[in-house]
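Here is how the chains run, residue by residue.
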Amino acid sequence: RSTDSIGAQYLADIGFCLCSAAIAGILVCFVEVLAAGSGIPEIKCFLNGIHLPKLVSPKTLFAKAVGIVFSVVAGLPCGKEGPMIHSGAIVGAMATFFNLERRLRPLNLDVEARDFVAAGAAAGVSAAFGAPIGAVLFAVEEGASHMTPRILTQLFVSSSVATLVTRLTLGPIISNHPWTLLGTGVPVSFGRFTEVSYNIVEMFIFALIGILCGLLGALFNHMNGLLSRWRKRRIGPTGCKRFLEVLCVTFIIASLKFWVPAVFLAIKGQGWQPMIFDELSETQQLWLEGGQKSIRDLFHNDVDKAFDEYGLLILFALFNLMTTCWTFGLGVPAGLFVPSLLSGAVIGRFVGEVLHLLHSQTTTSTTTVAMATGTATLAVGGPAHPGIYALVGACAMLAGVGRITISLAMILTEATGTGIFGLPIFMVVVIATWVGDVFTRGIYDLHIIELKQIPLLEQSPADVMVRYAVKDIMASEVVCLQAVEKVQRIVDILGSCHHNGFPVLENGTKKMEGLIERGFLHLLLARGHYYGMFQDDPDAPLGSLVPFEAIAWPNIHSYPDLKTLRKKLSAPDRQKYMDLRPYASCNGYSILPQASMASAFMLFRQMGLRHLPVVDSDGDLCGIITRKDLILMEEDEHGEMVQRSQPKLSPDTGWSLRKSEMYYDGSASELVLDSAAASALDSEDTELSEELSMPAVVVEPNDGAPQSSDSDATDKDFEVQSHGG
């Protein structure tokens with residue numbers, strides 16, 4: 001209103017968008033790369049038992065929470081919900097630092113930390129949508145690989161408290177309600193539907209919308225995968241190139257969002273005048289507004305012919321879908337929920353408006369004929385409100401992209417107060433998910449498994465796994481420690497490999513005493529002299545012990561590096577012995593070498609294991625399986641996902657294969673991971689989280705090949721693979 005020039009209006013708009021995007025880009029490209037994207041794939045990995053460095057650090061929380069604010073105000077097609085889930089998970093992880101040294105079960109154990117992260121993620125979903133039950137289901141469906149009633153109770157309490165605080169806060173801010181008011185008077189995320197009625201015939205139309213959105217979601221994921229691979233090769237995870245990409249993408253998207261409605265106004269004869277938002281039509285406002293406000297308008301706008309600019313409406317749906325695909329993986333914090341919901345809501349609203357237009361024309365024509373002939377007509381109810389179709393389209397599109405089913409349906413049901421409309425929502429969500437699964441993975445699994453090659457175990461094993469035996473995939477050569485080991489040899493072993501855990505064997509045999517983690521070894525070496533655990537004679541009875549608090553508190557992942565240990569250990573101490581039996585975990589599972597690979601997979605998945613020793617019928621250790629041994633796909637030197645080389649199998653006996661796996665006929669040569677993935681698996685600085693209080697173990701690859709590490713990616717290695725999600 002303060003300018004008479006549309007050019008000046010455009011410059012002010014583009015300048016504000018670029019400045020906001022620059023702040024968000026700086027926080028990702030130069031402060032913390034793990035703040036990029038939504039953070040849901042990485043949190044999903046953490047809850048699945050994979051520890052990623054700095055994923056739940058306060059630095060990441062700052063970059064994520066501040067960056068998402070500027071990403072949204074920059075006009076980029078991104079939502080705050082995914083980053084809020086990541087932020088909530090970080091807050092949950094930070095609760096482990098408030099530990100009591102004398103607790104029987106310290107909060108910082110990996111099992112406890114995982115539960116706190118799950119509770120924080122559920123609270124983030126609940127705060128974003130005001131849906132506590134949907135938040136719990138989301139944590140179960142997308143997060144933790146195993147649940148107990150105790151964990152479910154924790155999730156529900158945290159999500160309920162988050163919803164309560166959100167409702168108490170939003171009521172006074174949005175609707176000027178008293179601070180103590182709760183109930184139906186408090187607005188929900190996407191507004192309440194006062195009336196929901198539809199015809200049984202419209203269920204078929206809802207199903208067609210689900211099929212269409214499933215196809216669009218599969219295309220979205222495929223194109224985003226290609227774009228993410230290009231970014232991985234050409235742009236890089238940090239630095240000026242990625243920051244310049246942020247500015248270029250923001251400039252193009254902001255310019256298009258400004259000039260498209262301006263061109264439509266000029267075509268209508270209004271000339272090139274400055275745009276006043278309140279004077280624009282509902283369809284034109286979608287280009288300049290976006291976010292939850294637009295979704296709420298698409299759901300609840302009852303004005304006749306509110307979105308009657310059908311060409312502009314469908315153009316915005318395609319534009320928002322393409323720019324969301326372009327933005328997801330950009331070097332800014334960006335969520336996927338709201339942009340996907342908005343694209344689907346526009347498609348659904350378009351279908352609803354067209355059906356109402358056809359119905360009104362048919363009704364008018366029938367009435368005219370009846371009046372001309374003098375016959376009576378029976379009034380027939382028309383289609384459902386276009387907002388209902390918008391709700392159906394929003395659910396279907398997010399399901400087609402993210403492959404979220406039960407939790408998504410419950411979140412949208414709670415966020416709109418439409419419990420009686422649950423059946424159509426569940427139907428379209430399932431249909432869109434099934435259709436999308438035929439062609440591609442979900443967007444989160446795509447970034448985890450295919451792009452970053454993180455050893456995430458899916459919900460069920462591939463059918464081909466039943467044709468493999470454990471002995472075909474296990475690491476046959478394992479670096480082990482004796483129950484009583486010389487200090488110098490322990491130091492040498494730690495320095496000669498990057499493995500994260502070691503089996504402890506009975507002296508002079510292959511009988512397992514337990515498993516011990518690298519972190520425990522570092523801490524024992526650092527504090528063994530002080531507590532007098534080093535002994536001169538290996539056959540001497542057990543002496544002093546290092547107390548539990550000195551090892552498990554404040555954090556097992558924070559231990560002195562090997563260089564510091566070498567300086568600290570004196571020459572006499574290096575010649576002494578350590579009895580490792582009191583510190584090795586004996587509460588482990590094992591499997592026979594003749595067992596099927598599918599059985600090992602289910603043990604890992606259902607029991608939350610990090611590794612699985614393989615013992616023969618005599619109880620001797622003959623190998624170990626880790627998560628990466630259960631991943632059948634890997635990336636070759638050309639960046640293509642191929643079947644991992646395995647021993648030659650008998651001809652196919654009819655087992656159906658998934659679309660995501662390839663049948664290996666024994667003719668392919670041995671393939672290796674690229675350097676980034678190899679270094680990510682061989683890193684010393686990070687480790688995979690301890691599952692069920694069992695220390696991690698590092699194993700040799702198949703058939704006596706050089707031993708590889710199962711430790712996690714370092715900061716640098718993870719950055720190389722961190723482009724999306």
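Provided above is the structure to which this section pertains.
Report follows, based on the coordinates. Given the structure is predicted, the values throughout are model-derived calculations rather than measurements. (Residues numbered from 1 in each chain as written. Predicted model: local features only at pLDDT ≥ 70, side-chain atom pairs only at ≥ 80, totals over all residues. Heavy atoms only, no water.)

### A short note on the state of the cysteines
A full pass over the atoms with the stated rule returns 0 disulfides. Take Cys29: it sits in no disulfide, and the sulfur closest to it among the cysteines is that of Cys240, at 8.8 Å. (Disulfide = S-S within 2.5 Å.)

### Overview of a nonpolar patch on the surface
Nonpolar side chains collect at one region of the surface, where Leu208, Ile211, Leu215, Val438 and Phe439 lie side by side and expose about 480 Å² of accessible area between them. For the nonpolar patch, the elements supplying multiple residues, two or more each, are α8 (202-234) and α16 (422-439). Looking at the nonpolar patch element by element, the count peaks at 3 residues for α8. With respect to the secondary-structure elements, Leu215 resides in helix α8. Overall, the relative accessible area of 40% leaves Leu215 in the partly exposed class. (Patch = residues over 30% accessible without salt bridge, like charges linked within 9 Å, V, L, I, M, F, W, Y side chains within 5 Å. Areas by Shrake-Rupley, 256 points an atom, 1.4 Å probe, with all protein chains shown as cover. Salt bridge = Lys/Arg side-chain N within 4 Å of Asp/Glu carboxyl O. Helix = DSSP H or I, 4+ residues; strand = E, 2+ residues; numbered from the N terminus. Buried < 20%, exposed > 50% of the residue type's maximum accessible area, 1.4 Å probe, protein only.)

### Section: the environment of Ala432
Secondary-structure assignment places Ala432 in helix α16. Separated by 37 residues in the primary sequence, Ala432 and Cys395 have C-alpha atoms spaced 8.9 Å apart. Once residues within four sequence positions are removed from consideration, Ala432 is found in contact with Gly210, Gly214, Ala396, Ala399 and Gly400. (Contact = heavy atoms within 4.5 Å.)

### Some words on the pairing of strand β4 (residues 512-517)
Direction of pairing for strand β3 (residues 501-505) relative to β4: antiparallel, over a ladder of 5 bridges. Bridge pairing in β4 places Phe502 opposite Ile516. Counted along the chain from β3 to the antiparallel partner β4, the turn is 6 residues long, and its residue Gly508 has a positive phi close to 80 degrees. (Pairing = 2+ DSSP bridges.)

### Quick look at the packing of aromatic side chains
Tallied over the full model, the rule gives 18 aromatic pairs. An angle of 85 degrees between the planes, with centres 5.2 Å apart, marks the rings of Tyr198 and Phe421 as edge-to-face. Linking Tyr198 in the loop between α7 (149-175) and α8 with Phe421 in the loop between α15 (406-416) and α16, this pair joins segments that are 223 residues apart in sequence. Assessed through its relative accessible area of 0%, Phe421 is described here as buried. Both rings, one in Phe206 and one in Tyr389, keep their centres 5.2 Å apart while their planes meet at 65 degrees; by these two values the pair is edge-to-face. Of this pair, Phe206 sits in helix α8 while Tyr389 sits in helix α14 (residues 386-402), and the two are 183 residues apart along the sequence. Pair check on accessibility: Phe206 and Tyr389 agree, each one buried. Clustering of aromatic rings is evident, with ring pairs tying together Phe129, Phe138, Phe190, Phe193, Phe299 and Phe337. (Phe/Tyr/Trp six-rings, centres within 6.5 Å; stacked < 30°, edge-to-face > 60°.)

### Thoughts on the pattern of salt bridges
Opposite charge on two side chains lets them pair, provided their charged atoms get close. Within this structure, the stated rule accounts for 14 salt bridges. With its nearest N and O atoms 4.0 Å apart, the salt bridge here joins Lys293 to Glu289. Taking relative accessible area as the criterion, Lys293 reaches 37% and is therefore assigned partly exposed. Overall, Glu289 belongs to the partly exposed group, its relative accessible area being 27%. Between Asp573 and Lys576 there is a salt bridge whose closest N-O contact spans 3.9 Å. Residue classification places Asp573 among the buried residues on the basis of a relative accessible area of 5%. What makes Lys576 partly exposed here is its relative accessible area of 22%. Through salt bridges that share partners, Arg114, Asp115 and Arg150 make up one connected network.

### With respect to the packing of helix α3 (residues 58-73) against helix α4 (residues 81-94)
At a minimum axis separation of 10 Å, α3 and α4 run at an interaxial angle of 155 degrees. The angle between α3 and α4 places the two elements in the roughly antiparallel class. Here α3 and α4 pass one another in a crossing that is left-handed. Residues Pro58, Thr60, Leu61, Lys64, Ala65 and Ile68 of α3 lie in contact with α4, whose contacting residues are Pro83, His86, Ser87, Ile90, Val91 and Met94. (Axes fitted to C-alpha atoms, helices over the stretch in contact; angles between N-to-C directions. Parallel < 35°, antiparallel > 145°, perpendicular 65-115°, else oblique. Left-handed = near helix turned anticlockwise from the far one by under 90°.)

### Here we look at helix α17 (residues 443-451)
The buried fraction of α17 is high, at 9 of 9 residues. Just downstream of α17 lies Gln453, where phi reads positive at about 55 degrees.

### Section: the sheet that holds β3
Spatially, 3 strands are ordered β1-β3-β4 in an open sheet, and the strand pairing comes out mixed. Bordering the open sheet on either side are β1 (481-482) and β4, each of which pairs with just one other strand. Bridge analysis of β1 against β3 gives 2 bridges, and the strand direction is parallel. When the sheet's bridge partners are listed, Gln482 is paired in β3 with Leu505. The strands touched by helix α20 (residues 518-531) within the sheet are β1, β3 and β4, with β4 carrying the most contacts at an inclination of about 80 degrees.

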